[in-house]
Amino acid sequence: MGVLALLWGSGFLWIKLALTGLSPAQVTVLRCVLGAGVLLALAVAARQRLPRDRATWRRLVIAALFCNTLPFALFSIGEQTVDSGVAGVLNATTPLWSMLVGLALGERYAPVRLVGLGVGFCGVVLIFAPWQRHGLASWGALALLAAAASYAVAFAYMGRHLVHRGDPLGMSAAQLLVATGLAALALPAGGLDWSGATTGSLLAVGVLGIVATGVTFHLNNRLIATEGATAAATVGYLLPVVSVALGALVLGEDVGARVLAGMAVVLAGVALTRHPVAAARKVRR
């Protein structure tokens with residue numbers, strides 16, 4: 001979970017940099033292509049195969065739509081008009097959406113896990129102080145909120161229909177291959193002109209696709225398989241902590257008492273969601 005948060009937490013930065021020379025559709029397609037390439041290489045090295053049955057590929061289409069193509073596009077669209085603070089808060093609603101989806105599917109959660117989810121979200125809000133920022137009520141914010149909800153739907157679907165089916169690396173590579181095909185369908189709407197591409201934007205989308213998509217997608221699938229959909233979604237609470245820490249260490253950004261307190265609250269909330277009692281009492285009706 002820590003490694004996943006560290007790699008995934010840099011994603012907002014790479015998206016911002018990539019959008020300086022590429023359209024949202026181009027960023028979405030390129031990150032899917034590069035991510036799929038990484039996972040295919042890993043699958044070949046591990047001698048793992050892509051799925052062969054049609055039923056699995058049909059399920060992969062649904063998973064790829066909600067876990068990759070749709071949220072990737074929505075994040076790129078949203079970050080054109082929304083600042084990083086609002087984006088961080090809205091992305092961190094994924095665990096809450098995941099809990100709601102789980103309840104709708106008949107899952108029960110221990111009270112300590114519910115408290116942890118609430119505490120974690122409060123910590124994220126404290127870090128980014130959205131009341132001090134602009135862009136909360138905008139189409140970009142709605143796009144980011146929809147992306148967070150899409151992740152939650154995808155995690156639940158994958159946990160029920162794709163986990164433990166086929167080779168892990170092969171399944172991950174296959175899903176990103178499907179996502180690439182779906183994303184390519186949107187290129188005619190805003191991705192055919194590459195004249196604005198710059199070296200910086202291409203390097204940024206390269207890191208985004210290889211590290212923040214390919215590697216993190218495999219880690220996320222492993223987390224869903226071992227810990228469940230809600231636990232995997234809880235990584236979203238750690239992303240603001242990572243982004244703030246990287247900003248302070250790499251860019252020299254100021255970190256005040258409010259931000260440090262928020263980081264502590266987030267970590268406390270995540271600890272509660274991973275409490276042994278919470279894991280033991282999560283059952284299905």
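Now for a quick tour of the structure. (Residues numbered from 1 in each chain as written. Predicted model: local features only at pLDDT ≥ 70, side-chain atom pairs only at ≥ 80, totals over all residues. Heavy atoms only, no water.)

## Section: the overall build of the chain
Counting its regular elements, the chain contains 14 helices and two strands. Here the chain holds 285 residues, and the buried ones make up 51% of them. Of all intrachain contacts in the chain linking residues separated by at least 6 positions in sequence, the fraction that spans at least 24 positions is 91%. Of the roughly 12,700 Å² of accessible surface on the chain, 68% is carried by carbon and sulfur atoms. (Helix = DSSP H or I, 4+ residues; strand = E, 2+ residues; numbered from the N terminus. Buried < 20%, exposed > 50% of the residue type's maximum accessible area, 1.4 Å probe, protein only. Contact = heavy atoms within 4.5 Å. Areas by Shrake-Rupley, 256 points an atom, 1.4 Å probe, with all protein chains shown as cover.)

## A short note on the environment of serine 150
Inspection of the secondary structure assignment puts serine 150 in helix H8 (residues 139-161). Taking the C-alpha atoms as reference points, serine 150 and leucine 70, 80 residues apart in sequence, are found 7.3 Å from one another. When residues no more than four places from it in sequence are discounted, the contact partners of serine 150 are Phe66, Leu70 and Pro71.

## Considerations on the side chain of histidine 218
Along the chain, the position of histidine 218 falls in helix H10 (residues 199-227). Take histidine 218: its relative accessible area is 15%, and that puts it in the buried class. What histidine 218 contacts, discounting residues up to four positions off in sequence, is Leu39, Pro168, Leu169 and Ser172.

## Describing helix H2 (residues 11-18)
Buried within H2 we find Gly11, Phe12, Ile15 and Ala18. Take H2 and look down its axis: the buried residues cluster within an arc of 130 degrees, on one side only. (Arc of directions from axis to C-beta.)

## Digging into the packing of aromatic side chains
Using the criterion set out here, one finds three aromatic pairs in the structure. Plain terms: the ring middles of tryptophan 8 and tyrosine 151 are 5.7 Å apart, the flat faces sit at 90 degrees to each other, and that makes the pair edge-to-face. Placement of the pair is tryptophan 8 in helix H1 (residues 2-8) and tyrosine 151 in helix H8, with a sequence separation of 143 residues. Both residues of the pair, tryptophan 8 and tyrosine 151, count as buried. For the ring pair phenylalanine 75 and tyrosine 151, a centre distance of 5.8 Å and an interplane angle of 35 degrees mean the geometry is tilted. Of the two residues, phenylalanine 75 is situated in helix H4 (residues 54-78) and tyrosine 151 in helix H8; the sequence distance between them amounts to 76 residues. Tyrosine 151 matches phenylalanine 75 in its accessibility class, with the two residues each being buried. (Phe/Tyr/Trp six-rings, centres within 6.5 Å; stacked < 30°, edge-to-face > 60°.)

Treat this as a map of the structure, not an account of what it does.
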